[in-house]
Amino acid sequence: PVAATSMVATDGGPGVHSGQLENQTGPKVLLIELFSGLKGGRLALDSLPACVVSDFDSEICDFAELLRKQNWPASMPLGNIEDITLEQIREIVDTHHEYVDLILVIGGFPCKDTSKLKWQRRNLAGAESGKFKYFVQIMEWIRRFAKDVPVRHLLENTDMDTEPMDQISATLACKPWLVNAGAVLACTRPRLYWVDWEVLPEAGETVAHKEHLSTL
């Protein structure tokens, strides 16, 4: 188990010194990335006016772990999401809640069983995509201990059948946004994002709200 108290600074709360806070604007964030991969969530957050007070992540890929150590050496690895315990989450939240304005939980659970490219896919009943349940469990634990600190989530997965999509939406109490990164990539990459905050389109973007999802 990873002890949250291993990230204690001299001022400003765990993981951040007062000088760092003075140089950053926006809300102070406790970031917890689950199925963190190459830490795209942290990379995106670093481009926004926000101060990451502490950063915890769960990933089992050795290559991804090497990149984490290289790019974000202060982040704290939680290991396999299946091994994270309630006591670990309690310690992390208890150590940070008085220093942060927001707890942000980001995750992209495996799409091996939800991808439309897979024949006879088992969706959320599959061994890999079924790990969605761990994201839900950890979210519940975080909210239990967060007290008055807002907890927000962003969950990502590939475009999928309507049935598992609706199951996830019902569990997270929000419908997904379908975003295709093909506008900035050399390939089509439609992905679903379940977020529990308002999404505001940028200039030139069009929003369409449909029965099971919204598009951007």
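Before any of the text, the structure's been laid out above.
What you see is a predicted model; the values in this text were computed from it and never measured.

**So, the overall build of the protein chain**
Okay, so step 1: A tally of helices and strands in the protein chain yields 6 helices and 9 strands.
Okay, so step 2: In the protein chain, 62% of the contacts between residues at least 6 apart in sequence involve partners at least 24 apart.
Okay, so step 3: For the protein chain, the accessible area works out to roughly 11,600 Å², and carbon and sulfur atoms hold 53% of it.

**Structural notes on the packing of helix α4 (residues 86-96) against helix α5 (residues 132-145)**
Between two packed helices, both the angle of their axes relative to each other and the distance between the axes serve to describe the pair.
Okay, so step 1: Taken N-terminus to C-terminus, the directions of α4 and α5 make an angle of 45°; their axes are 9 Å apart at the nearest point. Relative to α5, α4 is oriented oblique. For α4 against α5, the interelement crossing comes out right-handed. Between α4, through L86, I89, R90, V93 and D94, and α5, the contact on the second element is made entirely by I138, W141, I142, R144 and F145.
Okay, so step 2: Taken together, the residues of the contact of α4 with α5 sort by class into 7 nonpolar, no polar and 3 charged.

**A closer look at the nonpolar core**
Okay, so step 1: Counting residues in hydrophobic clusters, the biggest one holds 38 residues, and the most contacted among them are L34, I103, I142, I168 and W194.
Okay, so step 2: Secondary structure elements with two or more residues in this core: β1 (28-34), β2 (51-58), α4, β4 (102-107), α5, β5 (151-158), α6 (162-172) and β7 (190-195).
Okay, so step 3: With 8 residues, α5 is the single largest residue contributor to this core.
Okay, so step 4: Core analysis: the next-biggest nonpolar cluster, separate from the first, contains 11 residues, V52, L104, I106 and L154 among them.

**Quick word on the packing of α5 against α6**
Okay, so step 1: Running from N to C, α5 and α6 cross one another at 10°; their axes reach a closest spacing of 11 Å. In terms of their interaxial angle, α5 and α6 are classed as roughly parallel. Taken together, the residues of α6 that come into contact with α5 (itself represented by F132, F135 and V136) are I168, T171 and L172.

**Details of the pairing of β1**
Okay, so step 1: Burial analysis of β1 places 6 of its 7 residues in the buried class, the great majority of the element.
Okay, so step 2: As paired strands, β1 and β2 are joined by 7 bridges and run parallel to one another. Paired with V29 across the two strands is V52, which belongs to β2.
Okay, so step 3: For the handedness criterion, the β-α-β arrangement of β1, helix α2 (residues 40-46) and β2 is classed as right-handed.

**So, the sheet that holds β4**
Okay, so step 1: The strand order β3-β2-β1-β4-β5-β7-β6-β9-β8 describes an open sheet built from 9 strands, whose pairing is mixed. Because the sheet does not close on itself, it has two edges, and the strands there are β3 (76-77) and β8 (208-209).
Okay, so step 2: Here strand β6 (residues 177-180) pairs with β7 via 4 bridges, running antiparallel. Bridged to L178 within β7 is L192.

**Considering the pairing of β7**
Okay, so step 1: Strand direction decides the pairing type here: β5 and β7, joined by 5 bridges, are antiparallel. Residue E156 lies in a different strand from β7, and its bridge partner there is Y193.

**So, a nonpolar patch on the surface**
Okay, so step 1: Together, L38, F63 and L66 line one region of the surface with nonpolar side chains, adding up to about 340 Å² of accessible area.
Okay, so step 2: Position of L66 among the secondary structure elements: in helix α3 (residues 62-71).

**Comments concerning unusual backbone geometry**
Okay, so step 1: One non-glycine residue, N123, lies in positive phi territory at about 55°.
Okay, so step 2: Secondary-structure assignment places N123 in the loop between β4 and α5.
Okay, so step 3: Its relative accessible area of 14% is what places N123 among the buried residues.
Okay, so step 4: Backbone geometry at A173 places phi at a positive 60°, although glycine is not the residue there.
Okay, so step 5: Locating A173 in the fold gives a position in the loop between α6 and β6.

**Looking at the packing of aromatic side chains**
Okay, so step 1: Enumeration over the complete set of coordinates arrives at 1 aromatic pair.
Okay, so step 2: Relative to F132, the ring of F109 has its centre 5.4 Å away and its plane inclined at 45°; by these criteria the two rings are tilted. Of this pair, F109 sits in the loop between β4 and α5 while F132 sits in helix α5; the two residues are 23 residues apart in sequence, bridging distant segments of the chain. Judged on exposure class, the residue F109 and its partner F132 are both buried.
Okay, so step 3: Geometry around W72 places K39 over its ring, the cationic atom sitting 5.9 Å from the centre.

Criteria and thresholds
Residues numbered from 1 in each chain as written. Predicted model: local features only at pLDDT ≥ 70, side-chain atom pairs only at ≥ 80, totals over all residues. Heavy atoms only, no water. Helix = DSSP H or I, 4+ residues; strand = E, 2+ residues; numbered from the N terminus. Contact = heavy atoms within 4.5 Å. Areas by Shrake-Rupley, 256 points an atom, 1.4 Å probe, with all protein chains shown as cover. Axes fitted to C-alpha atoms, helices over the stretch in contact; angles between N-to-C directions. Parallel < 35°, antiparallel > 145°, perpendicular 65-115°, else oblique. Left-handed = near helix turned anticlockwise from the far one by under 90°. Nonpolar A, V, L, I, M, F, W, Y, C, P; charged D, E, K, R; others polar. Core = buried A, V, L, I, M, F, W, Y, C linked by side-chain atoms within 4.5 Å. Buried < 20%, exposed > 50% of the residue type's maximum accessible area, 1.4 Å probe, protein only. Pairing = 2+ DSSP bridges. Right-handed = clockwise from strand over helix to strand, strands pointing away. Patch = residues over 30% accessible without salt bridge, like charges linked within 9 Å, V, L, I, M, F, W, Y side chains within 5 Å. Salt bridge = Lys/Arg side-chain N within 4 Å of Asp/Glu carboxyl O. Phe/Tyr/Trp six-rings, centres within 6.5 Å; stacked < 30°, edge-to-face > 60°. Lys NZ or Arg CZ within 6 Å of the ring centre and 35° of its normal.

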